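Here is how the chains run, residue by residue.
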Amino acid sequence: MPSSSSLYSSIGGVFLLFNGGGVGRDGGAGGVAVAVTAVAGLALVAAIVYTRSGHHKSPWSRRRKKHTLTLQLWRSSFTEDGKLRDGGIKLLKKIRSGGIDPSIRAEVWPFLLGVYDLNSTKEERDAVRNKNREEYEKFRRQCRRLRKQTDENTREKEIGKDCNSGECQSSSPEPVSPASEDVVSARDSLSSEKRNSDVDSSENNSSTVLDRTSSSRRISNGTPSVIYSDSSDSGSSVDEQFDEASYPSEQLNDVDVTSEEEASPPKSTLQSNVCQTEDFVTWQRIIRLDAVRANGEWIPYSPSQAAVPEDRAYRSAEAVGLKDYEHLDPCRIFHAARLVAILEAYAVYDSEIGYCQGMSDLLSPIISVIEEDHMAFWCFVGFMKKARHNFRLDEVGIRRQLTTVAKIIKYKDSHLYKHLVKMQAEDCFFVYRMVVVLFRRELNFEQTLCLWEVMWTDQAALRAGIGKAAWSRIRQRAPPTEDLLLYAIAASVLQRRKQIIEKYSSMDEILRECNNMAGHLDVWKLLDDAHDLVISLHDKVDGPFDG
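Treat the numbers as computed from the prediction; the structure is a model and nothing was measured.

Criteria and thresholds
Residues numbered from 1 in each chain as written. Predicted model: local features only at pLDDT ≥ 70, side-chain atom pairs only at ≥ 80, totals over all residues. Heavy atoms only, no water. Helix = DSSP H or I, 4+ residues; strand = E, 2+ residues; numbered from the N terminus. Buried < 20%, exposed > 50% of the residue type's maximum accessible area, 1.4 Å probe, protein only. Contact = heavy atoms within 4.5 Å. Areas by Shrake-Rupley, 256 points an atom, 1.4 Å probe, with all protein chains shown as cover. Phe/Tyr/Trp six-rings, centres within 6.5 Å; stacked < 30°, edge-to-face > 60°. Lys NZ or Arg CZ within 6 Å of the ring centre and 35° of its normal. Patch = residues over 30% accessible without salt bridge, like charges linked within 9 Å, V, L, I, M, F, W, Y side chains within 5 Å. Salt bridge = Lys/Arg side-chain N within 4 Å of Asp/Glu carboxyl O. Lys, Arg positive; Asp, Glu negative; His and termini not counted. Charge placed at Lys NZ, Arg CZ, Asp CG, Glu CD. Polar contact = N/O pair within 3.5 Å; in protein donor to acceptor, adjacent residues only side chain to side chain. pLDDT = per-residue confidence, 0-100. Core = buried A, V, L, I, M, F, W, Y, C linked by side-chain atoms within 4.5 Å. Axes fitted to C-alpha atoms, helices over the stretch in contact; angles between N-to-C directions. Parallel < 35°, antiparallel > 145°, perpendicular 65-115°, else oblique. Nonpolar A, V, L, I, M, F, W, Y, C, P; charged D, E, K, R; others polar. Expected span 1.5 Å × (residues − 1). Bend = angle between axes of the 7 residues up to and from the residue.

Q: Which residues make up the overall build of the protein chain, and what values do they have?
A: Secondary structure assignment for the protein chain yields 25 helices and four strands. For the protein chain, buried positions account for 56% of its 547 residues. Put simply, 82% of the contacts in the protein chain that link residues at least 6 apart link residues at least 24 apart. Put simply, the protein chain shows about 23,300 Å² of open surface, and 50% of that area lies on carbon and sulfur atoms.

Next comes the structure, spelled out in structure tokens:
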């Protein structure tokens, strides 16, 4: 691999974080991530308790049972015209202190992720939903055109080779059927070149080194064909039938989307970073591999998707061109097909980011909760509005977040920080994985959702202009912050300060400690500690850092 000045190259081969492109991938031999995922999966199965009504509860939610946003409270939060009472402030308070009942997550999340405005009426939400469903279908049509063009280019090259070898045939290539068209892709994955060699031999599924060098995140520098034209989006009936047949919206009502200003990259960005076929070939390959390797931790939480018929699962897989999935159960095939469809659409929507390894980990919980692809897509767009900076080529977003974690630790515990300096670990690269995939590897499914919901609640409050003063009036001491995740990451390190100071003398040892957190964190204790840090440090953390 070419040398790089990337800040991540300074940590060499320390970050054995990703196992074949996603959290807890299957089929690996003895990797740390596989072992941790297996243990976490057993713990999850053992921990789930089912009520008579069929809903499940998690032991990590019992502590906040009195504060959880319930179905009854949710229904009573709306006025006659469908607006949230008091702009949703009390609702946000409830979610922040206790999370959301699993039965209503699919209804609440679009508000938290900016798909719907907190002050919108039902009529306004219906209009937004319909408009943005059409937008999602347009992205999928663009994906299929890209796939068709890619297939045609491949056939032409093959025919050319045959002609050069004297075996040229006069028969024209067979047309590509809409049902087999898929598409997409994106810039190379976070671990590109190293991962590519691992993935090509499907039996080698061990953890790979996280490599964010410029060569692994390249974008084609040539002048390839471009497909991002509205003129060809006048929907063919075949395209629309394809969407209905391949997505899980068959039995559900319409749902969709956010305001373009809130959840999308600037239009100038989209227009200047049009989708290039060559980039999509790379993106598509990585998306499919990551989708097939996604684990099944979500299955107990989504009974309807877990019971998907086999024929529907296989139709969905064929529709998006999924490969090498025969070893999976139908529900996981269906899940993988949905991942492919939505991630491809996102790569079209935000071609500056495209697709990078780790994004499938962020989408998987969303599609497990939200059963309509178009709504799941726009919720993912809202999520990625902030998270997309983790996947930027210039690495500025990751640098800023690691610096913020370092500031929190330094201001809260100077003794621990000095020990990190002594070990040359004050840059906090050992929490890199937590930053990139937002604690997804350290927390199980239910804990991840609890953390993300509270984090999204803070972001929703800030979008709605609910600042420190308004928050104090509803008796919540910690003001909302865009960086709650970083306070939680710092809290997880501070909880282990004694071991770090007394036992560890290198960053490798701290890294192993962080990786071993998986399955051993109390998410609500973590959030309590994070909020305490926000109260005491947010003014300092927002200022310049003197290192």
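Q: If you had to explain the packing of aromatic side chains to someone new, which residues and values would you point to?
A: In total, this model carries 20 aromatic pairs according to the counting rule given. Seen in terms of ring centroids, Phe-139 and Trp-378 are 6.3 Å apart; in terms of plane orientation they differ by 50°. Their pairing is tilted. Here the residue Phe-139 occupies a position in helix H6 (residues 122-164), and Trp-378 occupies one in helix H16 (residues 373-387), the gap between them amounting to 239 residues. Under the relative-accessibility criterion, Trp-378 is labelled buried at 4%. Over the face of the ring belonging to Tyr-116 we find Arg-125, whose NZ or CZ atom lies 6.0 Å from the ring centre.

Q: Go over a negative patch on the surface with me, naming the residues and quoting the values.
A: On the surface, Glu-80, Asp-81, Asp-117, Glu-123 and Glu-124 cluster together to form a negatively charged patch. Within the element layout of this structure, Asp-117 appears in the loop between helix H5 (105-112) and H6. Overall, Asp-117 belongs to the partly exposed group, its relative accessible area being 47%.

Q: A description of the pattern of salt bridges should follow, citing residues and the corresponding values.
A: Under the definition given, this model contains 24 salt bridges. Here Lys-386 and Asp-483 are joined by a salt bridge, their closest N and O atoms 3.7 Å apart. One end of the pair, Lys-386, is in helix H16; the other, Asp-483, is in the loop between helix H21 (468-473) and helix H22 (484-494), and 97 residues separate them in sequence. Of the residues examined, Lys-386 reaches a relative accessible area of 28% and is grouped as partly exposed. The exposure class of Asp-483 is buried, given its relative accessible area of 13%.

Q: How would you explain unusual backbone geometry if you had to name every residue and give the values?
A: You will see that Gln-424, though not glycine, has its phi angle at about 60°, which is positive. On the accessibility criterion, Gln-424 (65% relative accessible area) is exposed. Notably, Leu-438 is not glycine yet its phi reads approximately 55°, a positive angle. Among the secondary structure elements, Leu-438 is positioned in the loop between helix H19 (432-436) and helix H20 (445-463).

Q: Explain the side chain of Asn-444 to me, using residue names and the numbers behind them.
A: Take Asn-444: it is sitting in the loop between H19 and H20. Asn-444 gets classed as buried once you look at its relative accessible area, which sits at 7%. Of the polar contacts made by the side chain of Asn-444, one reaches the backbone nitrogen of Glu-446; its length is 3.2 Å. Separated by 2.9 Å, the side chain of Asn-444 and the backbone nitrogen of Gln-447 make a polar contact.

Q: Quick rundown of the confidence of the model for the protein chain? Include the residues and the values.
A: For the protein chain, the average pLDDT comes to 73, and 63% of its residues sit at 70 or higher. Ranking the helices and strands of the protein chain by mean pLDDT puts H5 first, with 97, and strand S4 (residues 207-209) last, with 32. When the criterion is pLDDT under 50, residues 170-264 qualifies, and its contacts beyond four places in sequence or with other chains add up to 305 contacts. A low-confidence stretch, residues 266-273 (pLDDT under 50), is modelled with eight contacts involving residues beyond four sequence positions or located in other chains.

Q: Lay out the nonpolar core in plain terms, naming residues and giving numbers.
A: If you look at the biggest cluster of nonpolar residues, it comprises 135 residues, and the most contacted ones within it are Trp-109, Met-359, Leu-362, Phe-377, Phe-430, Val-431 and Phe-439. Here this core takes 15 residues from helix H14 (residues 330-349), the largest share from any one element.

Q: Describe the packing of H5 against H20, listing the residues and the values that go with them.
A: Where H5 meets H20, the closest approach of the two axes is 9 Å, and the angle between their N-to-C directions is 40°. Compared by their axis directions, H5 and H20 come out oblique. Contacts between H5 and H20 involve Arg-105, Trp-109, Phe-111 and Leu-112 on the former and, on the latter, Glu-446, Leu-449, Cys-450, Glu-453, Trp-456, Thr-457, Ala-460 and Arg-463. Grouping the amino acids of the contact of H5 with H20 by side-chain chemistry returns seven nonpolar, one polar and four charged.

Q: Could you give an account of helix H25 (residues 523-541), naming the residues involved and the relevant values?
A: Counted at 1.5 Å a residue, the expected span for H25 with its 19 residues is 27 Å, but the 23 Å between its end C-alpha atoms falls short. Taken as a whole, H25 carries its principal kink of about 50° at Ile-535. Within H25, burial applies to Val-523, Trp-524, Leu-526, Leu-527, Asp-529, Ala-530, His-531, Leu-533, Val-534, Leu-537, His-538 and Val-541.

Q: Before we move on, could you go through the environment of Leu-526 and cite the residues and values that matter?
A: Checked against the element boundaries, Leu-526 lands in helix H25. Between the C-alpha atom of Leu-526 and that of Ala-490, which follows or precedes it by 36 residues, the distance is 9.6 Å. When residues no more than four places from it in sequence are discounted, the contact partners of Leu-526 are Phe-439, Ala-488, Ala-491, Ser-492 and Gln-495.

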